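Understanding the architecture of this molecule
This is what each chain is made of:
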Amino acid sequence: MTAPDDVDRIVDAWSRERPDLDFTPLHVLSRLTRIGRQLDRARKDAFAASELEPWEFDVLAALRRSGEPYEQSPKQLLQQTLVSSGTMTNRIDRLTTRGLVERRTDPNDGRGIIVRMTRLGQARVDRAIGELVERERAILEGLSPADQQRLAELLRRLGVGMQGGA
C-alpha cells in the first residue's frame, strides 16, 4: 500500500469528528478534485508554452480535429466547446485579431460564416497538444500501462453513469 496522503488525513479527521457518517466517497472524489487542480495547472502551463489560453486551445483543437481544411461553423464550434453563442462570437473575434483563425462566408449560405484555422493557429495548437501529451504522460508515469488502462475504464464508467443521471 502507498503512503498516506492529504485525503487520508482529512478523512481520518472527519471520521474521528463525525463517526456517524461513511466517508468512503471522499477517498475517490476528493482525490479526483485534487488531481483535477494539478491537471488544470499542467494544462495551463502546456498551453502557455504555445502562447495560448485554455479557451483558445479548445477552439483551435476543435478545428484541428475536424480535419482539413480545419474549418467549422460557429454553431459546430459551440457544440464542441459547450459555450454560449455570445461567448463563441467573442472568442472568434479574439482569435481572428491574433491571426489564429479567419472568417469566411459560408459558400452554402451567404448569410453564414465559416471559421477556418490559419497556419499560425495550426502551428500553435499542434505545439500545445504535443506539450499537453508529454505533461500528462509525466503525471501518469507512476502507474503501469495496465493500471492506466484500468483507471481509464473505471473513470469512463463513472462518467457515463453520471451522464445518465444528469
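This write-up is about the structure you can find in this document. Just so it is clear, the structure is predicted and the values come from calculations on it, not from any experiment.

**Remarks on the side chain of Arg91**
Turning to its location among the elements, Arg91 is positioned in helix H5 (residues 85-97). Although Arg91 is buried, it makes no salt bridge; Asp58 carries the closest opposite charge, 5.0 Å away. Arg91 has contacts with Trp55, Val59 and Val83, leaving out every residue within four places of it along the chain.

**So, helix H2 (residues 24-48)**
Taking 1.5 Å as the rise per residue, H2 with 25 residues should run 36 Å; its terminal C-alpha atoms sit 37 Å apart, in good agreement. When H2 is considered as a whole, its buried residues turn out to be Ala42, Ala46 and Phe47.

**Concerning the nonpolar core**
Core analysis: the biggest nonpolar cluster contains 23 residues, and Leu52, Phe57, Leu60, Leu63 and Leu77 have the highest contact counts within it. Those elements giving two or more residues to this core turn out to be H2, helix H3 (54-65), helix H4 (74-81), H5, strand E3 (109-117) and helix H6 (119-140). No other element matches the seven residues that H3 contributes to this core. For Leu63, the residues in contact, after removing those within four places along its chain, are Tyr70, Glu71, Gln72, Leu77, Val101, Val115 and Met117.

**Considerations on the pairing of strand E2 (residues 101-106)**
Relative to E3, E2 runs antiparallel, the two being bridged by six bridges. For Asp106, the partnering residue across the bridge sits in E3 and is Asp109. In this antiparallel pair of consecutive strands, E2 and E3, the connection spans two residues.

**Regarding the sheet that holds E3**
Pairing is antiparallel in the open sheet, where three strands are placed in the order E1-E3-E2. The sheet is open, and its two edges are formed by strand E1 (71-72) and E2, each paired on a single side. Running at roughly 100° to E3, H3 makes contact with E1, E2 and E3 of the sheet. Sitting on the sheet, H5 is in contact with E2 and E3, with an inclination near 120° to E2.

**What about the packing of H3 against H6?**
The interhelical angle for the contact between H3 and H6, taken along N-to-C directions, is 100°, at an axis separation of 10 Å. Taken together, the axes of H3 and H6 are roughly perpendicular relative to one another. Where H3 approaches H6, its residues Phe57, Leu60, Ala61 and Arg64 are matched on the opposing element by Gly121, Gln122, Val125, Asp126, Ala128, Ile129 and Leu132. Considering only residue class, the contact of H3 with H6 consists of seven nonpolar, two polar and two charged.

**A look at a nonpolar patch on the surface**
Nonpolar side chains collect at one region of the surface, where Val28, Leu29, Leu32, Ile139, Leu140, Leu143, Leu151, Leu155, Leu158 and Met162 lie side by side and expose about 790 Å² of accessible area between them. Ranked by residues supplied to the nonpolar patch, first place goes to helix H7 (residues 145-165) with four residues. Position of Leu140 relative to the elements: it lies in helix H6. Judged by relative accessible area, which is 32%, Leu140 ranks as partly exposed.

Each value, and the rule that gives it
Residues numbered from 1 in each chain as written. Predicted model: local features only at pLDDT ≥ 70, side-chain atom pairs only at ≥ 80, totals over all residues. Heavy atoms only, no water. Helix = DSSP H or I, 4+ residues; strand = E, 2+ residues; numbered from the N terminus. Buried < 20%, exposed > 50% of the residue type's maximum accessible area, 1.4 Å probe, protein only. Lys, Arg positive; Asp, Glu negative; His and termini not counted. Salt bridge = Lys/Arg side-chain N within 4 Å of Asp/Glu carboxyl O. Contact = heavy atoms within 4.5 Å. Expected span 1.5 Å × (residues − 1). Core = buried A, V, L, I, M, F, W, Y, C linked by side-chain atoms within 4.5 Å. Pairing = 2+ DSSP bridges. Axes fitted to C-alpha atoms, helices over the stretch in contact; angles between N-to-C directions. Parallel < 35°, antiparallel > 145°, perpendicular 65-115°, else oblique. Nonpolar A, V, L, I, M, F, W, Y, C, P; charged D, E, K, R; others polar. Patch = residues over 30% accessible without salt bridge, like charges linked within 9 Å, V, L, I, M, F, W, Y side chains within 5 Å. Areas by Shrake-Rupley, 256 points an atom, 1.4 Å probe, with all protein chains shown as cover.

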